[in-house]
Amino acid sequence: MTDVLAAPAPVAAQPVRRPGGVWRVLASQTSVHSGAAVATTLFPLAGAAGVVSMRLVIGAALLVAVGRPRLKGYTRRQWMLVGVFGAVLAGMNLAFYAAIARMPIGPVVTLEVLGPLTLSVVTARRRVAWLWALLALAGVGLLGGGGFDQLDPVGVGFAFLAGGAWAGYIMLSSRAGASFPKRDGLTLAMLVAAVLALPAGIVTAGGALLEPRVLALGAAVAVLSSVLPYTFELTALRRLPTSTFAVLMSLGPAIAALAGFVILGQDLHPAQIAAIGLVVAASAGVVLWKDRPAA
């Protein structure tokens, strides 16, 4: 999953092409999914909801400290946008972590990315985009291996839910970027998300959230999944065209599968590896054809 802090704000001007953009995007994706892998090691101690609450609280605190958002002068409509945005952020993270608690990270991210992929297909307004959608569906069929019950049906449901929330996040992020100065909209929404997720974390984890080891690993997850990706991607956008950036971001499922294998020893069947490849190809294809001038 592209982290909620890692999704960069829209860039108005075309960036000047400078070296180093590609490795920054790849480093960002590696950091995000490595953070998710580390987070799974915390589940036995704090549960998925506990890890999410720690990550959102720490992430919100970091954003507030760095961005220092303005709290006054906003309209009721802007505050409503912040509230909805925050609820979507909380739901997206809770669903994603609930999914990776039940399934390997690679398949989860592959299913989750169908949310943004569907959004791209619908907004592309090109018939060829539906061919890429069919390629993605073929990948999903392979991933199921003849039946999603082999992947854990509850985990599949949470992955799809996270993907739908991710699509909503993309739309709301764009609206927040246009309605608030700097990144104030995202920062305020993160505060709302942290407040919404914290009760679930307290109920499921209780005092475990205050244990030094849990706090240390929670901070590591926040840095890997939030601070580093945000830094890498923000600087990458200054070096790469938006289309190139988006194609590189579509490698997320493959990088997630690799992180799960290296850090957690999560093996995948050949059919599942092929499925991830099909979804990655479909995601990249939609981006490339969407930005291609009409004939």
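Each chain has its residues counted from 1, running along the sequence as written. The predicted nature of this model means local features are confined to residues of pLDDT at least 70 and side-chain atom pairs, given and counted, to a pLDDT of 80 or more, with totals for whole chains, interfaces and linings taken over all residues. Side-chain numbers come from the whole structure's heavy atoms, not from hydrogens or water.

Peer 1: What am I meant to see in the overall build of the protein chain here?
Peer 2: Numbering of helices and strands runs from the N terminus, with a helix taken as a DSSP run of H or I at least four residues long and a strand as a DSSP run of E at least two residues long. From N to C terminus, the protein chain includes twelve helices and zero strands. Considering the protein chain as a whole, with its 295 residues, one finds that 50% of them fall into the buried category. Across the protein chain, contacts joining residues at least 24 apart in sequence account for 90% of those joining residues at least 6 apart. With an accessible surface of roughly 13,400 Å², the protein chain has 69% of that area assigned to carbon and sulfur atoms. Buried residues are those whose accessible area, probed at 1.4 Å on protein chains only, stays under 20% of the maximum for their type, while exposed residues exceed 50% and partly exposed ones sit between those limits. Contact criterion: two residues are considered in contact whenever any of their non-hydrogen atoms come within 4.5 Å of each other. Note on areas: these come from Shrake-Rupley sampling with a 1.4 Å probe, and a residue is covered only by the protein chains present in the view.

Peer 1: I keep staring at the packing of helix H1 (residues 21–40) against helix H11 (residues 252–264) and nothing clicks. Help me out?
Peer 2: The description of two packed helices rests on the angle between their axes and on the distance between the axes. Fitting a line to C-alpha atoms yields each axis, with helices limited to the stretch in contact; the angle taken between N-to-C directions then spans 0 to 180 degrees. Packing of H1 against H11 brings their axes to within 9 Å, and their N-to-C directions diverge by 45°. Taken together, H1 and H11 sit at an angle that is classed as oblique. Read as a crossing pair, H1 and H11 show a hand that is right-handed. Between H1 and H11, the contacting residues are Leu26, Gln29, Thr30, His33, Ser34, Ala37 and Thr40 on the first element and Gly252, Ile255, Ala256, Ala259, Ile263 and Leu264 on the second. Each angle gets one of four labels, with under 35 degrees taken as roughly parallel, over 145 as roughly antiparallel, 65 to 115 as roughly perpendicular, and the rest as oblique. In this scheme the crossing of two helices becomes right-handed for a clockwise turn of the near helix relative to the far one and left-handed for an anticlockwise turn of less than a right angle.

Peer 1: Help me understand the packing of aromatic side chains in this model?
Peer 2: Two measures describe an aromatic ring pair: the distance that separates the ring centres and the angle between the ring planes. A pair of Phe, Tyr and Trp rings is counted when the ring centres sit within 6.5 Å of each other, with Trp represented by its six-membered ring. The angle between the planes then sorts it: under 30 degrees is stacked, over 60 is edge-to-face, the rest tilted. Per the stated rule, a full pass over the model turns up six aromatic pairs. Taking the centre distance of 5.7 Å and the plane angle of 80° together, the rings of Tyr74 and Trp79 count as edge-to-face. The exposure class of Trp79 is partly exposed, given its relative accessible area of 36%.

Peer 1: I would appreciate a short explanation of the environment of Glu233 in the present structure.
Peer 2: Relative to the helices and strands, Glu233 is located in helix H9 (residues 212–236). Judged by relative accessible area, Glu233 falls into the buried class, the value being 0%. Considering only alpha carbons, one finds Glu233 and Met249, 16 residues apart in sequence, at a separation of 9.8 Å.

Peer 1: Explanation requested: the side chain of Asn93 in the structure shown.
Peer 2: Relative to the assigned elements, Asn93 resides in helix H3 (residues 76–100). Whenever a nitrogen or oxygen atom comes within 3.5 Å of another N or O atom, the pair is scored as a polar contact, on the condition that within protein one atom can donate a hydrogen and the other can accept it, and that pairs from neighbouring residues in sequence are kept only if both atoms are in side chains. A polar contact is formed between the side chain of Asn93 and the side chain of Arg55, at a distance of 3.5 Å.

Peer 1: Please clarify how the side chain of Ser31 should be interpreted in this entry.
Peer 2: The residue Ser31 is located in helix H1 in this model. A relative accessible area of 6% places Ser31 in the buried class.

Peer 1: What's the story with the confidence of the model for the protein chain in this structure? I'm lost.
Peer 2: On a range of 0 to 100, pLDDT expresses the predictor's confidence in each residue. Per-residue pLDDT for the protein chain averages 79, and the proportion of residues at 70 or more is 82%. Helix H10 (residues 242–249) is the least confidently modelled element of the protein chain, averaging 69 in pLDDT, while H3 averages 92, the highest of any element. Every residue in residues 2–16 scores below 50 in pLDDT, and together they form 44 contacts with partners more than four places removed in sequence or on other chains.

Peer 1: When you look at a nonpolar patch on the surface in this model, what are you seeing that I'm missing?
Peer 2: A contiguous nonpolar patch, built from Leu258, Phe261, Val262 and Ile263 and spanning about 400 Å² of accessible area, is present on the exposed surface. Position of Phe261 relative to the elements: it lies in helix H11. Nonpolar side chains (Val, Leu, Ile, Met, Phe, Trp, Tyr) are joined into patches within 5 Å and like charges within 9 Å, using only residues with over 30% relative accessible area and no salt bridge. When a carboxyl oxygen of Asp or Glu is within 4 Å of a side-chain nitrogen of Lys or Arg, the pair counts as a salt bridge.

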